[in-house]
Structures are given as structure tokens and as C-alpha cells.
Amino acid sequence: MKKIFDKIKKFFKENYKGILILVFIYLLFNFKLDFSIYSPGGLINLDNRIESKSDINKSKGSINMTYVRLVKGTIPTYLLAKVIPTWDIVDNDDITYDGDIDETIKIDKYYLLESISNAYMVAYNSAGVDYSIKKSNNYITYIYEKAKTDLKLFDNIIKYDNIKFTTFSEMQEYITIKNVGDKITFDVVRNGKNIKCYAKLIDIDGNAKVGLTSAVINEYDSDVNVSVKSKASESGSSGGFMTALAIYNAITKDDITKGRVIAGTGTIDSEGNVGEIGGVTYKLAGAYKNGADIMLVPKDNYEEALKYKKKHKLDIELVSISTFKEGIEYLKN
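Residues numbered from 1 in each chain as written. Predicted model: local features only at pLDDT ≥ 70, side-chain atom pairs only at ≥ 80, totals over all residues. Heavy atoms only, no water.

1. What about the overall build of the protein chain?
The test is simple: In this text, helices come from DSSP runs of H or I with a minimum length of four residues, and strands from runs of E with a minimum of two, each type numbered from the N-terminal end. Relative accessibility under 20% of the residue-type maximum defines a buried residue, over 50% an exposed one, and the middle range a partly exposed one, all with a 1.4 Å probe and only protein chains included. Whether two residues are in contact is decided by their heavy atoms: any pair within 4.5 Å suffices.
In terms of helices and strands, the protein chain carries eight helices and 19 strands. Buried residues in the protein chain amount to 41% of all 333 residues. In the protein chain, once contacts between residues fewer than 6 apart in sequence are set aside, the share between residues at least 24 apart is 72%.

This is the structure:
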């Protein structure tokens, strides 16, 4: 044992400077600080994510989803953020998830699936494709704290008052004929089991409501049978609009890209309305950096994006979009 100890002692004595340098470098890059860095992301070519058993339209250009890059706070990233104008230092307290982080991540996964579901419907309707909804899932993603119910997050609503769930708007319309205090029964699937739940309607802004929001995820049958791939690390609904454009472009004869690199962002609902997103300036900067010709942004984000474009003199076409139809018409014309 003494010989082994002497060898170790000799090794550290001869190499202590190198060891100290390695320890310093490790701490430099791995010691977490109480902030994070927001920076421009890149482009995700959605044309590569559209799959079909039948022939689909091949683009000369590309339709791309944009994203924001979030980097953990370390001494090197802090120093870089001080000199790179498009990197911003953000206190971790300002980006902390509300409630349980695992629940929040799971909710965002459901919103991603809902955005893809809406993208199918909007693209099919716009392209005149015949389709049917073979199954509709309605997962609860938020329950108002004052709600009077035994429903839980992620319950999948199958029926309400013995009426088969088809669309969220139909369920809302049914509830409007009820009064505050009325009881609604729900058939739900929870952890693979069918159970019955209830909710007493409460007053929210003068209307009788259950006090919940949900993500509606449809499964479709259609002649085109396209499917959209997504990565396990992805979540959220901000790519819905661009996903709908990519599906539409794949199932129609006209190539709306016309050889251009088209980037964009925005949520989409089942009616084709394009909604506001967060981090538009980082997405715009990322689109420009990666060679996009056009950046499509929701109307509610346009002024912020335009201000950023002018400030940094970005040579990219910036377009305000309110609906899917507007986006199609702009790209075609």
C-alpha cells in the first residue's frame, strides 16, 4: 500500500499544474450560474419531415420552422453574451415554469401534438382533400383553481352527459345552454382506465363554464395519408402554422416555395387562424443567419419583429400573417 501511495503522490507532484488547469476548465464550463442565455436558433426543414406512401410534391425551395436556443449560464456563455448583440442574459427566476416542471413539459408535448393535428385539418381543407376523423382525443391541460370537479390533468374526455366528444367547440356550445351550478358528467380515460367524473359549472366572466382547457388531438383517414415526424425533444405549439404550410405544399401540385427558403412561426387553430408566439426576434435572427429569403410571423408579433429587423438591418422579407389562407395567397402571388 505504501508503494502505491508513493506512486500517486509522485504523480500528483509531477503533474499538479496540469491537473489544476483541467479542474479549472471543468469548473469554468460546468459551474451553473443563476441565469440563462437566449440566442437565435436555426431552421428546421419541414419538407424532410413529411412522409407519405403515395407520391407527394417535391419543393424546389424549402418550408422551415424556426426556434429559439436556450443556453445554460456559465462564465464563458456570460462573456459571449456581453459581446454578441443577439444573445440576451435572462435571470432564471424569469423563466421558471409555473407549477411542476414535468407536468409543464408533458402539457407542452400535448400542445405540440394538437398543433400538428390542426395543421392536418387546415391543410386538408385548403387543398380540398377528403378526410374523416377516425378518433378524437381531448386531453385536459389546465384546470382552473376554483373549478368544482374531480377531473384531473391529462384525463382524456370521451363523453360529456353521454354525448360522444367530437370537437371542443361542440362541447362548449353544449355548456352554453346550461346554468351556473348545473352538473355535467364526463366519461374519461385516466391511466388507461375508463372512469366517470363530474363538474359543476362555475361563473367565469359572467358565463357558466367548467373551468378547464384542453388539447384536442385528432387521428385522420384520408386519400393522401401523409404523416409528420417530430423529435422527442420538441414541444409547444409555435410550429403549427409552418407545419400546415409544409403539409399543404406536399399534397398539392403547386410548389408555393418557388425555389425560396421560407421560414416562419406561429400557432394555428382548427379554423386556420395564426396565433402569437414568444421569442420572435430570436427566431427572426436565426432565420436571417441561416439564409432564409422570407420570414412569416403572426400579426401580433409583426411590430416587434419589424423593429428588430430595422435595428439590425436584416436583409430578409418580413411578412405579417393572420390566417393560413393569407399565408398561401402571399406565397402564391
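2. Considerations on the nonpolar core
Heads up, the rule is: Each nonpolar core is a collection of buried residues, namely Ala, Val, Leu, Ile, Met, Phe, Trp, Tyr and Cys, held together in the definition by side-chain atoms within 4.5 Å.
Residues F241, L245, I247, L296 and F324 are the most contacted members of the largest nonpolar core, which totals 38 residues. Mapped by element, the contributors of at least two residues to this core are β3 (62-72), α3 (101-127), β14 (226-228), α5 (240-251), β18 (294-298), β19 (317-321) and α8 (324-332). Counting residues per element, this core draws most heavily on α5, which supplies nine residues. Setting aside residues up to four positions removed in sequence, L296 forms contacts with F241, M242, L245, I262, A263, G264, T265, V319, I321 and L331. In this structure, Y160, Y174, A199 and L212 belong to the second largest nonpolar core, which totals 18 residues.

3. Details of unusual backbone geometry
Positive phi, close to 65 degrees, is recorded for N162, a residue that is not glycine. Within the element layout of this structure, N162 appears in the loop between β7 (156-160) and β8 (163-164).

4. Concerning helix α7 (residues 302-312)
The condition that has to hold: Our arc is simply the arc of the directions from the helix axis toward the C-beta atoms.
Taken as a whole, α7 has its buried residues at A305, L306 and Y308. An end-on view of α7 places all buried positions within 160 degrees of arc, on one side of the element. Exposed residues on α7 whose side chains face more than 90 degrees from its buried face are E303, K307, K310 and K311. On its buried side, α7 packs onto α6 (280-289) and β19.

5. Considerations on the pairing of strand β9 (residues 183-190)
Successive residues of a regular strand alternate their side chains across the two faces of the sheet. Here is the rule we go by: Pairs of strands are assigned from DSSP output, requiring at least two bridges between the strands.
Examined bridge by bridge, β7 and β9 share four bridges and lie antiparallel to one another. The partner of N156 across the bridge, within β9, is V189. The sheet contact formed by β9 and strand β10 (residues 193-200) spans eight bridges and is antiparallel. If you follow F186 over to β10, its bridge partner there is C197. Connecting the antiparallel pair β9 and β10 is a turn made up of two residues, with N191 showing a positive phi of about 55 degrees.

6. Here's the deal with the packing of aromatic side chains
So the rule is basically this: Working definition: a ring pair exists when centres of Phe, Tyr or Trp rings (six-membered ring for Trp) sit within 6.5 Å. Plane angles under 30 degrees give stacked, over 60 give edge-to-face, the rest tilted.
Scanning the model with the defined rule gives ten aromatic pairs in all. Ring geometry for Y110 and Y139: centres 4.5 Å apart, planes at 25 degrees, overall stacked. One end of the pair, Y110, is in helix α3; the other, Y139, is in strand β5 (residues 131-143), and 29 residues separate them in sequence. Look at Y110 and you get buried, because its relative accessible area is 15%. Between Y120 and Y124, the aromatic rings sit 6.0 Å apart at their centres with planes inclined by 35 degrees, giving tilted as the arrangement. Here the residue Y120 and the residue Y124 both occupy positions in helix α3, the gap between them amounting to four residues, near one helical turn.

7. Description of the pattern of salt bridges
Note the following rule: Should a side-chain nitrogen of Lys or Arg be within 4 Å of a carboxyl oxygen of Asp or Glu, the pair is scored as a salt bridge.
According to the stated counting rule, one finds four salt bridges in the structure shown. As a salt-bridge pair, D187 and K196 come within 2.8 Å of each other at their nearest N and O atoms.

8. Some details on the packing of α5 against α8
Quick reminder of the rule: Axes, fitted as lines to C-alpha atoms, cover a helix only where it is in contact. Angles between the N-to-C directions of the axes lie from 0 to 180 degrees. Every angle not falling under 35 degrees, over 145, or within 65 to 115 is termed oblique; those three ranges are roughly parallel, roughly antiparallel and roughly perpendicular. Crossings are sorted by hand: turned counterclockwise from the far helix by less than a right angle, the near helix makes the crossing left-handed, and turned clockwise it makes it right-handed. In the scheme used here, Gly and all other residues not listed as nonpolar or charged are polar, with Ala, Val, Leu, Ile, Met, Phe, Trp, Tyr, Cys and Pro taken as nonpolar and Asp, Glu, Lys and Arg as charged.
Where α5 contacts α8, the two axes come as close as 11 Å, and the packing angle between them is 55 degrees. By the criterion of interaxial angle, the relationship of α5 to α8 is oblique. Between α5 and α8 the crossing geometry is right-handed. Facing α5, whose interface residues are F241, A244, L245 and Y248, α8 presents F324, G327, I328, L331 and K332. When its residues are assigned to classes, the contact of α5 with α8 shows seven nonpolar, one polar and one charged.

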